[in-house]
Amino acid sequence: MPDVRGPYVPGTPCWVDLVVPDQREALDLYGDLFGWQGEPGPPETGGYAVCTLRGRPVAGIMTAMTAEGGSKPPPSWTTYLAVEDAEAATRTISSGGGTVLYDCMDVLDLGRMAVVADSTGAVFGLWQAKEFIGSQVVNEPGAVVWNELNTADPDTAARFYQQNLGLSAAPMEEVEGYFSLQAAGRVVGGMQGLQNSPPGSPSHWLTYFSVDDTDSTTDALVRAGGSVLKPPFDMAAGRMAVLRDPQGAVFAVIDATGPQPPTA
C-alpha cells in the first residue's frame, strides 16, 4: 500500500481492524507476532484498542458486539477505504448495487465510519478522517503492506468500485488473472477471483502484513493455536502464507523480498 505522507487519497485502504470474541487474547497474540502494543480503550469507544508499532497507530482490535437479533459478527479483519464524505458514500453504494451493513456513525472527534458490502458481497469499511487519518505505519515488518479483494465476479466488482469509490482496476502483467486497484492513478491494492481461495469462500477483502520471516511467523502462529490455510510459498512479490488466528480471523503474511508490485 502507498506510504503514509498525510491524509489518504479517497479510495485508498487507510485502516484495518479485527473483531473477535476475546479482545485480550488477540492483543496478546498479535503483540507477539508483530510487536504491537495495545490495550482496551475507554468505555465511550466500546473498549476499542488502537494498536501501535513504535508508538504510531497500525491497526485496531475490538470485542465482537451483539447486534440486533442477538447475532455477533464472525471473527474477521476489515479493510477500511478512505472517503471524503461517509454519508454520501453510503448513499452512492446503496444505490449502486452494494449494501450498507452498519450505517454512518461518528467516532468521537476522530472521524466518521460505516461498514458496507460491495455488489459481490465483500465486506469493507468506510473512513472519513477528522482527527485520525488511519494507519501511520505501513510497508514494513509488523504493518499492513497490501489489501486485496478476492471476489466471485471481478468484472462486476471492478465496475462497482469504479462507479462508487473511484477505484480503477487494471491487469497486472506480472501475475495472470490479477488486477491492481488504483486511486488517482496510484496502485493502492489488488483484486483477483476466488480461484486461489478455499472452496466455498465468499467474496472478501484480505489483509497482508509484512514480516521478516514468513516461515517463522507461520510456525509461531501454529504454536499459539492458529492454523495454516495456505503454507508459505514463493510468488512474484515475495514469500507469503495465508493464516487463520486461534479465534478464526483470516489474514496473510508476506516477506516481500522479491520484485514488488508497482506503487506509483
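In case you missed it, the structure is sitting above this.
Rules of the game
- Residues numbered from 1 in each chain as written.
- Predicted model: local features only at pLDDT ≥ 70, side-chain atom pairs only at ≥ 80, totals over all residues.
- Heavy atoms only, no water.
- Salt bridge = Lys/Arg side-chain N within 4 Å of Asp/Glu carboxyl O.
- Helix = DSSP H or I, 4+ residues; strand = E, 2+ residues; numbered from the N terminus.
- Expected span 1.5 Å × (residues − 1).
- Buried < 20%, exposed > 50% of the residue type's maximum accessible area, 1.4 Å probe, protein only.
- Phe/Tyr/Trp six-rings, centres within 6.5 Å; stacked < 30°, edge-to-face > 60°.

## Notes on the pattern of salt bridges
Consideration 1: According to the stated counting rule, one finds eight salt bridges in the structure shown.
Consideration 2: Bridged by salt links that share partners, the residues Glu 87, Asp 106, Arg 112 and Lys 130 form one connected network.

## Structural notes on unusual backbone geometry
Consideration 1: Its identity is not glycine, yet Arg 54 carries a phi of approximately 55°, on the positive side.
Consideration 2: Considering the arrangement of structural elements, one finds Arg 54 in the loop between strand 2 (49-53) and strand 3 (56-63).
Consideration 3: Unusually for a residue other than glycine, Ala 184 sits at a positive phi of about 55°.
Consideration 4: Here Ala 184 is to be found in the loop between strand 10 (178-183) and strand 11 (186-192).

## Details of helix 1 (residues 23-34)
Consideration 1: Counted at 1.5 Å a residue, the expected span for helix 1 with its twelve residues is 16 Å, and the 16 Å between its end C-alpha atoms agrees.
Consideration 2: Within helix 1, burial applies to Gln 23, Ala 26, Leu 27, Leu 29, Tyr 30, Gly 31, Leu 33 and Phe 34.
Consideration 3: In the stretch just after helix 1, Gly 35 is the one whose phi turns positive, near 80°.

## Some words on the packing of aromatic side chains
Consideration 1: On inspection of all chains with the given rule, the structure shows 17 aromatic pairs.
Consideration 2: Ring geometry for Phe 34 versus Phe 209: centroids 4.9 Å apart, planes at 35°, classification tilted. With a gap of 175 residues between them, Phe 34 in helix 1 and Phe 209 in strand 12 (residues 204-210) connect regions that are remote in the sequence. Summarising the burial analysis for this pair, Phe 34 and Phe 209 share the class buried.
Consideration 3: These aromatic residues form a ring-pair network of at least three members: Tyr 30, Phe 34, Trp 36, Trp 77, Phe 209 and Phe 251.

Structural measurements only, silent on function.
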